[in-house]
Amino acid sequence: MSTLRDEAAPIAVIGAGLGGLATAIGLLKQGFRVQVFEQADAFGEVGAGISLSPNASKILAAWGLGEPLAAMASVPLTGNIMNGLTGELIQSQPLGEVLEQLFGSPYYQVLRPDLHALLVGEVRRLAPDAFRLGCRLVDIEGPEEAPVLVFANGERAAASLVIGADGARSVVRARRFVDEPARFTGHIAFRGVLPMAELPAQYHAPRSVVWLGDRRQLVHYPLDNGRALNVVAFVSDVSWDREGWQERAELSELREAFAGFCDEATGVLEHFEGRELYKWALYDREPVDDWVRGRLVLLGDAAHPMLPYLGQGAAMAIEDAWVLAGVLGQHEAPADALADYQARRVERARWVLLESREAGRRFHEPGQDESRFSDDAAMRTRELFAPGPASLLG
Ligand SMILES: Cc1cc2nc3c(=O)[nH]c(=O)nc-3n(C[C@H](O)[C@H](O)[C@H](O)COP(=O)(O)OP(=O)(O)OC[C@H]3O[C@@H](n4cnc5c(N)ncnc54)[C@H](O)[C@@H]3O)c2cc1C
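Caption draft 1: Broad picture of the overall build of the protein. Per the secondary structure count, the protein includes 13 helices and 18 strands. For the protein, whose C-alpha radius of gyration is 21 Å, the value lies close to the compact-globule estimate of 21 Å for 394 residues. Its C-alpha atoms give the protein principal-axis dimensions of roughly 65 × 40 × 35 Å. Across the 394 residues in the protein, those meeting the buried criterion constitute 47%.

Caption draft 2: Focus on the site of the ligand. In the vicinity of the ligand, 32 residues are found, and the nearest of them are Gly15, Gly17, Gly167, Gly300 and Gly313. Those elements that provide at least two residues to the shell around the ligand are α1 (18-29), β2 (34-38), β3 (49-52), β12 (183-195) and α9 (313-330). Looking at which element gives the most residues to the shell around the ligand, the answer is α9, with four residues.

Caption draft 3: Here's a closer look at the pairing of strand β13 (residues 207-213). With six of its seven residues buried, β13 lies for the most part within the structure. Here six bridges tie strand β4 (residues 78-83) to β13, and the two strands are oriented parallel to one another. Considered in β13, the bridge of Gly79 is made with Ser208. Here β13 runs beside strand β14 (residues 216-223); their pairing, made up of five bridges, is antiparallel. Within the sheet, the bridge partner assigned to Val209 lies in β14 and is His220. Following β13, the chain reverses through two residues before pairing antiparallel with β14; Asp214 in that reversal takes a positive phi of roughly 50°.

Caption draft 4: Inspection of the sheet that holds strand β10 (residues 156-158) at higher detail. Taken in spatial order, the three strands line up as β8-β9-β10 in an open sheet, and their pairing is antiparallel. Bordering the open sheet on either side are β8 (137-141) and β10, each of which pairs with just one other strand. This sheet shows a mean twist of 25° between the axes of neighbouring strands, independent of strand direction. Strand direction decides the pairing type here: strand β9 (residues 148-151) and β10, joined by three bridges, are antiparallel.

Caption draft 5: Representation of helix α10 (residues 334-363) in the model. The terminal C-alpha atoms of α10, which comprises 30 residues, lie 42 Å apart, in line with the 44 Å expected from a rise of 1.5 Å per residue. A maximum bend of about 30° is found in α10 at Arg345. The set of residues buried in α10 consists of Pro334, Ala337, Leu338, Tyr341, Gln342, Arg345, Ala349, Val352, Leu353, Ser356 and Gly360. On its buried face, α10 sits against β11 (161-164), β12, β17 (292-293), β18 (296-298), α9 and α12 (377-385).

Caption draft 6: Region of interest: the sheet that holds β18. What the six strands build is an open sheet, ordered β7-β2-β1-β11-β18-β17; its pairing is mixed. Two strands bound the open sheet, and with one partner strand each, they are β7 (131-133) and β17. In this structure, β11 lies alongside β18, joined through three bridges in parallel fashion. Its bridge partner lying in β18, Gly164 is registered against Leu298.

Caption draft 7: Region of the structure containing unusual backbone geometry. In this structure, Asp214 takes a positive phi of about 50° despite not being glycine. For Asp214, the position within the fold is in the loop between β13 and β14. Here the phi dihedral of Asn225 falls at roughly 55°; this positive angle occurs in a residue that is not glycine. By the element assignment, Asn225 lies in the loop between β14 and β15 (228-235). Exposure remark for Asn225: the 15 C-beta atoms within 10 Å place this residue in the partly exposed category.

Caption draft 8: Spatial organisation of the environment of Ala281. With respect to the helices and strands, the residue Ala281 is situated in strand β16 (residues 278-284). C-alpha of Ala281 to C-alpha of Tyr341: the two residues are 60 residues apart in sequence and 31 Å apart in space.

Caption draft 9: Representation of the packing of α1 against α9 within the structure. Where α1 contacts α9, the axes come no closer than 8 Å and their chain directions differ by 25°. With respect to α9, the element α1 is oriented roughly parallel. Remark: the crossing between α1 and α9 carries right-handed chirality. Residues Leu18, Gly19, Ala22, Thr23, Gly26 and Leu27 of α1 touch α9, and the partners they reach there are Ala314, Ala317, Ile318, Asp320, Ala321, Trp322, Leu324, Ala325 and Leu328. Classifying every residue of the contact of α1 with α9 gives 11 nonpolar, three polar and one charged.

Caption draft 10: Examining the pairing of β4 more closely. Judged from the five bridges that link them, β4 and strand β5 (residues 89-94) form a sheet pairing that is antiparallel. Each bridged residue has a counterpart across the sheet, and for Asn80 the counterpart in β5 is Ser92. Following β4, the chain reverses through five residues before pairing antiparallel with β5; Gly87 in that reversal takes a positive phi of roughly 85°.

Caption draft 11: Structural context of α9. An ideal rise of 1.5 Å per residue puts 26 Å on 18 residues; α9 measures up with 26 Å between its terminal C-alpha atoms. Of all the 18 residues making up α9, 15 are buried; the element is thus mostly covered by neighbouring parts of the structure.

Caption draft 12: Representation of the environment of Leu161 in the model. Here Leu161 lies in strand β11. The sequence separation of Leu161 and Leu296 amounts to 135 residues, and the corresponding C-alpha distance is 6.1 Å. Filtering out sequence-adjacent residues up to four positions away, Leu161 remains in contact with Leu4, Ile11, Arg295, Val297 and Pro334.

Caption draft 13: Local environment of the environment of Ser356. One can find Ser356 in helix α10. Separated by 48 residues in sequence, Ser356 and Pro308 have C-alpha atoms that sit 6.7 Å apart. If sequence neighbours within four positions are ignored, Ser356 has contacts with Met306, Leu307, Tyr309, Leu310 and Gln312.

Cut-offs and rules
- Residues numbered from 1 in each chain as written.
- Predicted model: local features only at pLDDT ≥ 70, side-chain atom pairs only at ≥ 80, totals over all residues.
- Helix = DSSP H or I, 4+ residues; strand = E, 2+ residues; numbered from the N terminus.
- Rg over C-alpha atoms; globule rule 2.2 N^0.38 Å.
- Buried ≥ 20, exposed ≤ 12 C-beta atoms within 10 Å, placed from the backbone.
- Near = placed C-beta within 6 Å.
- Pairing = 2+ DSSP bridges.
- Axes fitted to C-alpha atoms, helices over the stretch in contact; angles between N-to-C directions.
- Expected span 1.5 Å × (residues − 1).
- Bend = angle between axes of the 7 residues up to and from the residue.
- Contact = placed C-beta atoms within 7 Å.
- Parallel < 35°, antiparallel > 145°, perpendicular 65-115°, else oblique.
- Left-handed = near helix turned anticlockwise from the far one by under 90°.
- Nonpolar A, V, L, I, M, F, W, Y, C, P; charged D, E, K, R; others polar.

Read these as spatial facts, not as claims about activity.
Structure below.
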């Protein structure tokens, strides 16, 4: 039994993003006392889509969230890669049942606010008083073995363990680990969600479509049990460089960015007339190898902020949460548990971070070559999706 359970101060999770919430669920299910400190005054995830690959959906199912997750998700039956300039099909892959049979759990596509709300609801069910909203961490005082959290509102809190799940711009990482500047990639992700009822039939199929060409990428897939279509578009060589979910974009920017793409590809953009569009500048950061200092530990984007080209950032945060909660439940000494966590997670997260960077490079390369998508993609998919609750802790 972990001695952390006997300590007076609770475990502090900094950040109620997908990683922090998953961590809180894992810890609460192991019987730990947890406080989740979130800088926002209220929960309000933006309406973007997110893919949850089998490695992540297996963990949510193991926590008993499989049914509500399935009810809010779409499952793509095929994944098509298209030449955005000519409209030709480059590659079509079966997803749906094939992935579920291979990896033991579905590949889901969901609305972030729905997933976030599911996790918030589960934390509240397990511990109604776990959340402390409006608490922006600004500093950590005291020795690493007895950290004291300092918040912008003047509050201070002791913690038996501080879990930095405060995202890519982590204060925990900057104050007590490394504070290296991020590098702007010159890539932007545009994104928006459309109601399916207003779209022509060609978008209704349970199909994930990626249009590629000339260092640009336009992706769309259904979400919310087919009630919405998520659109994400990546472009290169831009100078606008703000990172954040709330940055608005104009349809004219998107039209301009995809000039030269065929009408079949760009047709979806016209449905954004009069609707909200957002943009996010993509920053690259070096992997951090040292995730543990005394009673401070990093998790999710705070530990491994990765580019979104493999759609694995949240999945890795959920894997981290499963492993951290699991080892804290297994080891008596917190230091042993944290060393075990780091040993199990650093190498995998580093590999996924570097593969995500490489996928971005490949996707934005000039020219189209089918072999790029089939060569090692199957191997990579296996290594990404195969791990599950048992093997991650085995
Ligand atoms: C365009 C795009 C598409 C993506 N698509 C996918 C996908 O399909 N699949 C996938 O798995 N991943 C995807 N990702 C990655 C995924 O969004 C992130 O990896 C994931 O959200 C990380 O979760 P997190 O909890 O670690 O960090 P965050 O989601 O950033 O959460 C951090 C939380 O901490 C809070 N916080 C920050 N600082 C403080 C502070 N000082 N004090 C208190 N609270 C604080 C924040 O308000 C926030 O609530 C995508 C990312 C982008 C940009």
